[in-house]
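# Structural features, examined
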Amino acid sequence: MQDQKLPCVLINSFEGPSGMNEEYIKDLKKHFNLITMREFLENKIHFSQKIQAIYIWGGKPHIDQELLQSLPTLKIIVSPGAGLDHLDLNLIASFGVKLANTSRAVTNSTADLGMALLLASARRILEGNEVATSPDTKDFSFTWMGQEVTGSTLGIIGMGKIGYKVAQRAKAFEMKILYHNRNRRKVEEEQAVGAHYCAKLDELLQQSDFVMLVVNLTLQTHKLIGKRELRLMKPTATLINIGRGQLVDQDALVEALQTGIIKAAGLDVTDPEPLPRSHPLLKLKNVILTPHIGSATHQSRHLMMENMVESLLAALSGLPIPNEVHLK
């Protein structure tokens, strides 16, 4: 039984792939009266004036003009993670609605996964596991080789909060760190991790043994890595993507992996997600794929929920909003 005195917050559902953990639901119900999309659509007249906030989880509910027009008292939308490519920011701003995300909550977990993909690709962990567990294996070949991470060059594309956390981890592996970003970091921040700024992306691609994408998806970064960029990379290089699948021309990447233009790839994100089961990326031994799990740790997800609740409570009380995304 929900407390009808609490402010109403629209969520997508309690079940399914985009449903929420029972623990999170319990915590949210301490502060809010949760209205599912199904309940809202079945009784718009009753709920349209009551819903003051939208809590996005798993990319849903989808925010469009029709939904915004039907919620005249809406004050804020909260979205988990750092990426905002699933939202029409101009549309939200035009309705005078505030927006908050949880970019700081996902920095460590996503940086950890980036390094995990780098290490697993370099040392061919998945292939090694197949050899070690195969019923056909009689002995281990002394010619089995991976790539040394220590002393190699990592090129980070996108030196924001997550990119900088990656650089901190790479420094511990004694890697040479290059980075490309819209804006150069402060000198003291570069020095703290031993990072060198590449004003031109081409320079980074040509020098790096590992290239990691940690940049947001925008019109400018869509298919940032295509056929030309892949050909600039070393044939011994590995591409790691923990940003968004659409940052890469996927057809060009498949060709580059099949023909030896680059050595390997570690991808937490693809386009679409999941890939069709017949997709060639699923058949390549020099590719490691994970199911978009950059923030998928108990600690990170719990912190995300806490951040979202803080932003909701602040917005509904007329207070400054933590983690607000300034739309104008």
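Conventions and cut-offs
- Residues numbered from 1 in each chain as written.
- Predicted model: local features only at pLDDT ≥ 70, side-chain atom pairs only at ≥ 80, totals over all residues.
- Heavy atoms only, no water.
- UniProt positions renumbered as here; feature names shortened; annotations may be inferred.
- Helix = DSSP H or I, 4+ residues; strand = E, 2+ residues; numbered from the N terminus.
- Rg over C-alpha atoms; globule rule 2.2 N^0.38 Å.
- Contact = heavy atoms within 4.5 Å.
- Areas by Shrake-Rupley, 256 points an atom, 1.4 Å probe, with all protein chains shown as cover.
- Lys, Arg positive; Asp, Glu negative; His and termini not counted.
- Charge placed at Lys NZ, Arg CZ, Asp CG, Glu CD.
- Domains from an automatic or database assignment.
- Buried area = accessible area lost by both parts, 1.4 Å probe.
- Phe/Tyr/Trp six-rings, centres within 6.5 Å; stacked < 30°, edge-to-face > 60°.
- Buried < 20%, exposed > 50% of the residue type's maximum accessible area, 1.4 Å probe, protein only.
- Core = buried A, V, L, I, M, F, W, Y, C linked by side-chain atoms within 4.5 Å.

An unreviewed UniProt entry lists the chain under the name Glyoxylate reductase/hydroxypyruvate reductase, with Vombatus ursinus as the source organism. According to UniProt, the comment filed for the chain under the heading Sequence similarities (unreviewed entry) is "Belongs to the D-isomer specific 2-hydroxyacid dehydrogenase family."

## Some details on the overall build of the chain
On a plain count of helices and strands, the chain comes out with 13 helices and 12 strands. Over its C-alpha atoms the chain spans a radius of gyration of 22 Å, differing by no more than 12% from the 20 Å that the globule rule assigns to 328 residues. With respect to the principal axes defined by its C-alpha atoms, the chain has extents near 70 × 50 × 30 Å. For the chain, contacts bridging at least 24 residues in sequence account for 63% of all contacts bridging at least 6. Carbon and sulfur atoms make up 52% of the accessible area of the chain, which amounts to about 17,100 Å² in all. Averaging the positions of the 36 positive and the 34 negative side-chain charges in the chain gives two centres separated by 3 Å.

## Section: the UniProt feature "domain: D-isomer specific 2-hydroxyacid dehydrogenase catalytic" (unreviewed entry) in the chain
In the numbering adopted here, UniProt assigns the feature "domain: D-isomer specific 2-hydroxyacid dehydrogenase catalytic" (unreviewed entry) to residues 24-325. Note that residues 24-325 is 37% helix and 14% strand, and that its end C-alpha atoms are spaced 23 Å apart.

## Considerations on the domain arrangement of the chain
By domain assignment, the chain separates into domain 1 (8-105 + 297-325) and domain 2 (107-289). Of note, the centres of domain 1 and domain 2, computed from C-alpha atoms alone, are 32 Å apart. Summing both partners gives a buried area of about 610 Å² for domain 1 against domain 2, and 46% of it is carried by carbon and sulfur. Among the residues of domain 1 in contact with domain 2, D85, S103 and R104 are the three that bury the most area, contributing 60% of the side total.

## Focus: the packing of aromatic side chains
The geometry of two aromatic rings is summed up by the distance between their centres and the angle between their planes. Under the counting rule described, the total for this entry stands at three aromatic pairs. The interplanar angle of 75° and the centroid separation of 5.9 Å between the aromatic rings of Y24 and W57 together place this pair among those described as edge-to-face. With Y24 in helix α1 (residues 22-28) and W57 in the loop between β3 (51-55) and α4 (65-69), this pair connects stretches of sequence that are 33 residues apart. Judged by its relative accessible area of 7%, Y24 is buried. Each residue in the set Y24, Y55 and W57 is aromatic and connected to the rest through ring pairs, giving one cluster.

## As for the nonpolar core
Among the nonpolar cores identified, the biggest contains 51 residues, and Y55, L118, L154 and I156 are the most heavily contacted of them. In terms of domain composition, this core takes at least three residues from each of domain 1 (8-105 + 297-325) and domain 2 (107-289). Here L118 is in contact with V149, L154, M175, F210, M212 and I240, once residues within four sequence places are set aside. By size, the runner-up hydrophobic cluster in this structure holds 31 residues, among which are C198, A237, V254 and L281.

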